[in-house]
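Spelled out from the first residue to the last, the chains are:
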Amino acid sequence: MWGALLVKRLPAVGGPSLQLEQAPQGLFLLWLTYMGLLVFAAHTLWQHGLWHRLVQADPTGLTVVIVLLFIGCSLWAGGRCWALGLQRQAFLGGDALLPHNAQPSWSHDYGLARAHPGTDNAVLLQVLSDRAHGPQEMAWWLNGIQLKLGLLGKVIGFSVLALELGRMDGFDPQQSAQMLKSLTGGLGIALLTTITGLSANILLGLQLMRIDRFADGLVADILSQGEARIQNDLNTKAHG
């Protein structure tokens with residue numbers, strides 16, 4: 001999607017896990033900072049009355065749906081950042097850092113399964129990858145829905161514009177003001193929904209891309225640790 005394409009071209013953002021994210025719950029703190037900037041921007045727009053104008057200019061309500069969808073997905077992204085941070089802490093310090101009601105860490109499960117003789121490494125890798133990236137697939141899909149809703153609003157807006165133009169039998173100076181209002185209304189729907197959908201798609205894409213990169217780094221570390229343990233066990237047996 002447009003958000004993912006933009007993030008891939010930004011320096012460092014689409015790369016491996018940032019140094020800040022390696023701190024305890026660093027990914028969640030980074031998300032909180034990002035959300036703080038967005039909340040500040042939203043509050044500034046509200047002070048200038050732009051949110052009210054945005055709702056009034058879009059009778060279809062698509063812009064409100066896009067904004068609510070973005071807020072919901074962003075809150076989910078924050079929860080996912082926290083969960084991935086717990087998994088990294090468990091990987092670095094053991095399962096004791098996980099909450100008591102949480103399942104064993106991915107690194108713990110992978111280490112037990114990897115040490116079992118006859119285990120299919122391809123299956124273990126698939127399971128680990130699904131744990132790390134599976135939940136984000138729905139979020140990426142919803143991110144694309146935001147863009148599609150914006151394009152839907154664009155189609156509706158231009159359809160209203162075309163219908164109004166089709167009703168014009170001739171130029172009547174007395175009705176020009178009302179006709180111009182109807183035409184600009186359709187154009188406003190098309191532009192506002194498209195801008196809202198694109199903005200939400202890009203802003204959510206930034207969050208999901210960082211989550212994916214953090215998950216990639218965590219999976220790579222777990223695999224490296226597992227292989228190192230297996231190699232150490234083989235060396236111990238060989239020297240024993």
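Since the structure is predicted, the reported quantities are computational estimates derived from the model, not experimental observations.

Thresholds, definitions, all that
Residues numbered from 1 in each chain as written. Predicted model: local features only at pLDDT ≥ 70, side-chain atom pairs only at ≥ 80, totals over all residues. Heavy atoms only, no water. Helix = DSSP H or I, 4+ residues; strand = E, 2+ residues; numbered from the N terminus. Buried < 20%, exposed > 50% of the residue type's maximum accessible area, 1.4 Å probe, protein only. Contact = heavy atoms within 4.5 Å. Areas by Shrake-Rupley, 256 points an atom, 1.4 Å probe, with all protein chains shown as cover. Expected span 1.5 Å × (residues − 1). Core = buried A, V, L, I, M, F, W, Y, C linked by side-chain atoms within 4.5 Å. Phe/Tyr/Trp six-rings, centres within 6.5 Å; stacked < 30°, edge-to-face > 60°. Salt bridge = Lys/Arg side-chain N within 4 Å of Asp/Glu carboxyl O.

Peer 1: Describe in detail the overall build of the protein, supporting the description with residues and values.
Peer 2: The helix and strand tally for the protein stands at seven helices and zero strands. From first element to last, N terminus to C terminus, the protein shows the α and β order α-α-α-α-α-α-α. Taken across its 240 residues, the protein has 34% of its residues classed as buried. The contacts of the protein with a sequence gap of at least 6 include a subset with a gap of at least 24, amounting to 82%. Surface exposure of the protein reaches about 14,100 Å², of which carbon and sulfur atoms provide 68%.

Peer 1: How would you explain helix H2 (residues 26–47) if you had to name every residue and give the values?
Peer 2: Between its first and last C-alpha atoms H2 spans 32 Å; for 22 residues at 1.5 Å apiece the expected length is 32 Å, and the two agree. Of all the residues in H2, the buried ones are Gly26, Leu27, Phe28, Trp31 and Met35. Immediately downstream of H2, the backbone of glycine 49 shows phi near 75°, a positive value.

Peer 1: Any details on the nonpolar core? Residues and values, ideally.
Peer 2: Counting 30 residues, the largest nonpolar core has Leu84, Trp106 and Ile222 as its most contacted members. Sorting the residues of this core by element identifies H2, helix H4 (62–93), helix H5 (106–115), helix H6 (121–166) and helix H7 (176–239) as the ones contributing at least two each. Here this core takes 10 residues from H7, the largest share from any one element. Sequence-distant contacts of tryptophan 106, that is, excluding residues within four places in its chain, are made with Arg80, Leu84, Gln87, Leu128, Arg131, Ala132, Leu218 and Ile222.

Peer 1: So, the packing of aromatic side chains: which residues are in play, and what are the values?
Peer 2: Summed over the entire model, instances satisfying the criterion amount to two aromatic pairs. Ring geometry for phenylalanine 28 and tryptophan 31: centres 5.7 Å apart, planes at 25°, overall stacked. With a gap of three residues between them, phenylalanine 28 and tryptophan 31 both fall in helix H2, about one helical turn apart. You can call phenylalanine 28 buried: its relative accessible area is 18%. We classify tryptophan 31 as buried; its relative accessible area is 11%. The rings of Phe28, Trp31 and Trp82 are connected pair by pair, giving a single aromatic cluster.

Peer 1: Go over the pattern of salt bridges, please, and point to the residues and values.
Peer 2: On inspection of all chains with the given rule, the structure shows two salt bridges. The closest approach of N and O atoms between aspartate 221 and arginine 88, which form a salt bridge, is 2.8 Å. Of this pair, aspartate 221 sits in helix H7 while arginine 88 sits in helix H4, placing them 133 residues apart in sequence. Relative accessible area serves as the criterion here: at 29%, aspartate 221 is assigned to the partly exposed category. As a salt-bridge pair, arginine 213 and aspartate 216 come within 2.5 Å of each other at their nearest N and O atoms. Of this pair, arginine 213 and aspartate 216 both sit in helix H7, three residues apart, which is roughly one turn of that helix.

Peer 1: Please set out the side chain of serine 74 residue by residue, giving values where relevant.
Peer 2: Mapped onto the fold, serine 74 is located in helix H4. Looking at serine 74, the relative accessible area reads 2%, which means it is buried. Ignoring sequence-local partners within four residues, the contact set of serine 74 consists of Trp31, Met35, Leu204 and Gln207.

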